[in-house]
Amino acid sequence: MFAITTEPIDPRTVSAAVEDERAGGLVTFVGTVRDFSRGRAVTGLHYEAFPEMAEKKFREIADEMRQRWPICKVAMVHRIGDLQIGAIAVVIAVSTPHRAEAFAACEYAIDRLKSVAPIWKKEAYHDGEVWVADHA
Amino acid sequence: MQITVRLFASFREVVGRDQLQVDVAPETAVGDLLAALARDYPRLAAASKATRFAVNQEYVPASHPLQAGDEVVFIPPVAGGGDVRDHD
């Protein structure tokens, strides 16, 4: 499961996608919209992506993970469109034979997603709005 | 030769379109294509220094020579700078 979606993300669905009999650990990261960004109160968020390239990058990140850890399964889903404060923007789930690998691989996945996935967000404030890169 | 430019985020808003068909000389560097576009849309000039480039869905350096039929994406930089890593 590697997807850009306009629909709300159910973390249970993403987590279920990586269930595996070989796995002893399953870590799910849920990224949500925060109400404060760089010192400004955020009233809402609009995410935009280049979906085909983003999904391709998700698969490449999964390949990188498999070279580093004994990954059982990986799933990455990012939502685009208008999101409210508290809404789920991204969910990453990883299963591995042992828990330490699952934590490490999941952190790697979100760091890499931020670095290479062509995803942008527009933060709205009470007095304006500005595009920021979702990737660092 | 014809290439396609896809525009996102701030670039899409400045240009007012999400896609352009552009005629360029063979072997034009993708960075030079952005410089040319910034002459038509001066608001892109300030952003163009930190822009990353993707051709056919792979990141490339500004010096990357374009081929006919390429699909170019300009990856706009962070607006306002600073630490924008979010929901970590």
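**Re the overall build of chain A**
- Helices and strands together make up the secondary structure of chain A, namely 3 helices and 10 strands.
- Taken from N to C terminus, the helices and strands of chain A fall in the order β-α-β-β-β-β-α-β-β-β-α-β-β.
- The dimensions of chain A, computed from C-alpha atoms along their principal axes, are 50 × 25 × 25 Å.
- A separation threshold of at least 6 residues defines the contact pool for chain A, and within that pool the share at least 24 residues apart is 72%.
- Total accessible area computed for chain A in this model is approximately 6,100 Å², and 50% of it derives from carbon and sulfur atoms.
- In chain A, which carries 17 positive and 20 negative side-chain charges, the distance between the mean positions of the two groups comes to 3 Å.

**With respect to the pairing of strand S8 (residues 88-96) of chain A**
All names here are of chain A.
- Counted residue by residue, S8 has 9 buried out of 9 residues, so it is predominantly covered.
- Bridge count for strand S6 (residues 73-79) against S8 is 6 bridges, and the pairing is antiparallel. Across the sheet, Val77 pairs through a bridge with Val91, a residue of S8.

**As for unusual backbone geometry**
Residues and elements named next belong to chain B.
- Even without glycine at this site, Glu27 takes up a positive phi of about 70°.
- Within the secondary structure, Glu27 sits in the loop between strand S2 (19-23) and helix H2 (30-40).
- In this structure, Gln57 takes a positive phi of about 70° despite not being glycine.
- Take Gln57: it is sitting in the loop between strand S3 (52-55) and strand S4 (58-60).

**Considerations on helix H2 (residues 51-68) of chain A**
- Taking 1.5 Å of rise per residue, the 18 residues of H2 of chain A would be expected to cover 26 Å, and the 26 Å separating its terminal C-alpha atoms lies within 8% of that figure.
- Turning to H2 of chain A, its buried residues number three or more, namely Met53, Ala54, Lys57, Phe58, Ile61, Ala62, Glu64 and Met65 of chain A.

**Describing the side chain of Glu48 of chain A**
- With respect to the helices and strands, Glu48 of chain A occurs in strand S5 (residues 44-49).
- Accessibility expressed as a relative area gives 9% for Glu48 of chain A, which makes it buried.
- Apart from residues no more than four positions distant in its own chain, Glu48 of chain A is found in contact with Ile80, Pro118, Ile119, Trp120 and Trp131 of chain A together with Leu7, Phe8, Ala9 and Arg12 of chain B.

**Looking at the packing of aromatic side chains**
- Per the counting criterion, the structure on display carries 5 aromatic pairs over all chains.
- Pairing Trp69 of chain A with Tyr108 of chain A gives two aromatic rings, centres 5.5 Å apart and planes at 70°, and the pair type is edge-to-face. With Trp69 of chain A in the loop between H2 and S6 and Tyr108 of chain A in helix H3 (residues 99-116), this residue pair connects regions lying 39 residues apart in the sequence.
- The rings of Phe50 and Trp120 of chain A together with Phe8 of chain B are connected pair by pair, giving a single aromatic cluster.

**Brief notes about the nonpolar core**
- Judged by nonpolar contacts, the single largest core of 35 residues is most densely connected at Met65, Met76, Ile92, Leu113 and Ile119 of chain A.
- Here the element with the most residues in this core is H3 of chain A; it accounts for 8 residues.
- Counting residues in hydrophobic clusters, the runner-up holds 22 residues, among them Val14, Val15, Ala38 and Leu44 of chain B.

Criteria and cut-off values
- Residues numbered from 1 in each chain as written.
- Chains lettered and ligands numbered in written order.
- Predicted model: local features only at pLDDT ≥ 70, side-chain atom pairs only at ≥ 80, totals over all residues.
- Heavy atoms only, no water.
- Helix = DSSP H or I, 4+ residues; strand = E, 2+ residues; numbered from the N terminus.
- Contact = heavy atoms within 4.5 Å.
- Areas by Shrake-Rupley, 256 points an atom, 1.4 Å probe, with all protein chains shown as cover.
- Lys, Arg positive; Asp, Glu negative; His and termini not counted.
- Charge placed at Lys NZ, Arg CZ, Asp CG, Glu CD.
- Buried < 20%, exposed > 50% of the residue type's maximum accessible area, 1.4 Å probe, protein only.
- Pairing = 2+ DSSP bridges.
- Expected span 1.5 Å × (residues − 1).
- Phe/Tyr/Trp six-rings, centres within 6.5 Å; stacked < 30°, edge-to-face > 60°.
- Core = buried A, V, L, I, M, F, W, Y, C linked by side-chain atoms within 4.5 Å.

Keep in mind these values describe shape, not function.
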